[in-house]
Amino acid sequence: MLLSVVLVNYKVPQLTIEAVRSVLASCRRLDGEVEVIVLDNASGDDSMTRLRTAFGAEPRVKLLESATNGGFARGNNQAIAEAHGDYLLLLNPDTLVGESTLAYCLTFLQTHPDAGAVGPRLINQSGVMHPECKRGVPTLWHSFCRFTRLYRMAPHSAWLNGYYQGHLSPDEVQQVPVLTGAFLMMRRSLYLAVGGLDERYFMYGEDIDLCYTIEQAGYHNYYLPTPVLHYKGESEQAVDRVRYEENFYGAMRLFYLKHQGENWWSRHVTTPLVLAAINLQRRLALCRRKKRASHTTLPAPQTISLTLAELSADVEAFPLGTRLEVSLAEASYDSLLETMERCAARRYLFIVNA
């Protein structure tokens, strides 16, 4: 079998359904057998019913159900235990891939034996690139520049913006230390050889840890400039914000303790400083959350329903920030992603109705 695509669903069945549909469309350009494994991570809602209704008759889709929610890493590892593909794709349920995406990424892996993992240019609902697509290892200095927002002073500096690798062009293939787990493709044999996702991470940080481990094993991670839509955060709306912050900053703490080293300087100087900084950031995040909650909710933007063909004819026809409910209506996912990137400066909010 050529490829196994793994998605972990948690209370977002409709997003998962649309993601799988885009994957199946992209599989048509692959010369080899593909399986799509969807694991429901104990959602406790109607997710499995809806997934069975959508894909119960689709032989390429395997539906699994976990009795408990052990986190993102454990859910992926449970699904991967059932995988048979030579190549493996970890894919978030809140994504849409283009028809050309899987073939492009697979071809790159097949022709670059030094490649440990590849990841695409992820764009948000407005067509703007997520900076997390290409990142550096969160060293003490990189993290300091990121959390103090010093990187904004020089967004293209390798020194100040090493966290987001701002010195690297987003329009070219690049070797980068860290990719995002929203779309991470690699050889299944390598995934198993390095131990896969560390299940001590409940949510967040496990992709950084895996990419770091891959590079430590002597391989390179590659950023590929092909767009994939990622409704970042949409798959986490059901998660309590406090739990999100605990998971995020807990993951940072775990990564540092796991990889910081055992010398005297690290134990007595840098480790206490880093852990104190992580705790401070967690408390600041709590304060920001309370401040945002006290603000008046802004009115919803204007909503317009149209087809992708109608939008492509004039991408500047609507006011900045308009909410666009777009029907693909015979158009391709590739065309959707291309149009979204053309509209990035307009800051439209895309809602795709496939």
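We now turn to the structure provided with this report. Per chain, residues are indexed from 1 in the order of the written sequence. Residue-level local features of this predicted model are given only where pLDDT is at least 70; pairs of side-chain atoms are given and counted only at 80 or more, and the full residue set underlies all totals for whole chains, interfaces and linings. Hydrogens are left out, water is left out, and the side-chain values use all remaining heavy atoms of the structure.

1. Concerning the overall build of the chain
- Comment: elements are numbered from the N terminus, with helices defined as DSSP H or I runs of at least four residues and strands as E runs of at least two. On a plain count of helices and strands, the chain comes out with 11 helices and 12 strands.
- Partly exposed describes any residue whose relative accessible area lies between the buried limit of under 20% and the exposed limit of over 50%, with all areas from a 1.4 Å probe on protein chains only and scaled to the type maximum. Per-residue burial for the chain yields a buried fraction of 52% across its 354 residues.
- Two residues form a contact once any of their heavy atoms are found within 4.5 Å. Within the chain, residue pairs in contact and separated by at least 24 positions form 80% of the contacts whose partners lie at least 6 positions apart.
- Note on areas: Shrake-Rupley with a 1.4 Å probe; residue coverage comes only from the protein chains shown. Carbon and sulfur atoms make up 53% of the accessible area of the chain, which amounts to about 16,500 Å² in all.

2. Structural notes on the side chain of Thr101
- Its place among the elements puts Thr101 in helix H4 (residues 101-111).
- According to the relative accessible area criterion, Thr101 is buried, its value standing at 0%.
- The contacts of Thr101, once residues within four sequence positions are left out, are Ser26, Phe183, Pro227 and Val228.

3. Details of the nonpolar core
- Counting 67 residues, the largest nonpolar core has Leu3, Val5, Val36, Leu102, Phe183 and Met185 as the members making the most contacts within it.
- Ignoring sequence-local partners within four residues, the contact set of Leu3 consists of Leu30, Glu33, Val34, Glu35, Gly85, Tyr87, Leu88, Leu89, Leu102, Leu106 and Met185.
- As used in this record, nonpolar core signifies buried Ala, Val, Leu, Ile, Met, Phe, Trp, Tyr and Cys residues forming a set joined through side-chain atoms within 4.5 Å. Membership of the second largest hydrophobic core comes to 22 residues, among which are Ile304, Leu311, Leu337 and Cys343.

4. Some details on the pattern of salt bridges
- We define a salt bridge as a contact between a side-chain nitrogen of Lys or Arg and a carboxyl oxygen of Asp or Glu at a distance within 4 Å. Scanning all chains against the criterion turns up eight salt bridges.
- Measuring nitrogen to oxygen at the nearest pair gives 3.3 Å for the salt bridge that ties Glu18 to Arg21. With a gap of three residues between them, Glu18 and Arg21 both fall in helix H1 (residues 13-27), about one helical turn apart.
- The shortest N-O distance in the salt bridge between Arg135 and Asp207 comes to 3.3 Å. Of this pair, Arg135 sits in the loop between strand S6 (115-123) and helix H5 (140-147) while Asp207 sits in helix H7 (residues 206-216), placing them 72 residues apart in sequence. Considered together, Arg135 and Asp207 belong to a single accessibility category, that of buried residues.
- Shared partners join several salt bridges into a network, and the residues in it are Arg121, Asp171 and Glu341.

5. With respect to a nonpolar patch on the surface
- Two distance rules govern patches: like charges are joined within 9 Å, and nonpolar side chains (Val, Leu, Ile, Met, Phe, Trp, Tyr) within 5 Å, applied only to residues with over 30% relative accessible area and no salt bridge. A grouping of Trp141, Phe144 and Trp159 is seen on the molecular surface, where their side chains present a nonpolar patch of about 360 Å² in accessible area.
- The residue Trp141 is located in helix H5 in this model.

6. Examining the environment of Gln216
- Looking at the secondary structure, you find Gln216 in helix H7.
- Measuring from C-alpha to C-alpha, the distance between Gln216 and Val194 comes to 9.4 Å, with 22 residues separating the pair along the chain.

7. Here's the deal with the sheet that holds strand S11 (residues 323-327)
- For two strands to be treated as a pair, DSSP must find no fewer than two bridges joining them. Taken in spatial order, the three strands make up an open sheet running S10-S11-S12, and their pairing is parallel. Each edge of the open sheet carries a strand with a single partner, namely strand S10 (303-307) and strand S12 (349-353). With strand direction ignored, the average angle separating the axes of adjacent strands in the sheet is 25°. For helices, the axis comes from a line fit to the C-alpha atoms of the stretch in contact; other axes are also lines fit to C-alpha atoms, and the angle between any two N-to-C directions lies between 0 and 180 degrees.

8. Notes on H5
- When H5 is considered as a whole, its buried residues turn out to be His142, Ser143, Cys145 and Phe147.
- Just beyond H5, the residue with positive phi is Arg149, at close to 65°.

9. A closer look at H7
- Within the sequence span of H7, burial applies to Glu206, Asp207, Ile208, Asp209, Leu210, Cys211 and Ile214.
- The positive-phi residue at the C-terminal boundary of H7 is Gly218, with phi of around 100°.

10. Re the pairing of strand S9 (residues 220-230)
- Most of S9 is tucked away, with nine of its 11 residues classed as buried.
- Where strand S5 (residues 95-96) lies against S9, two bridges are found, and the strand directions are antiparallel. When the bridges of S9 are listed, Thr95 appears paired with His230.
- Bridge count between S6 and S9: seven bridges; the pairing is parallel. For Ala115, the partnering residue across the bridge sits in S9 and is His220.

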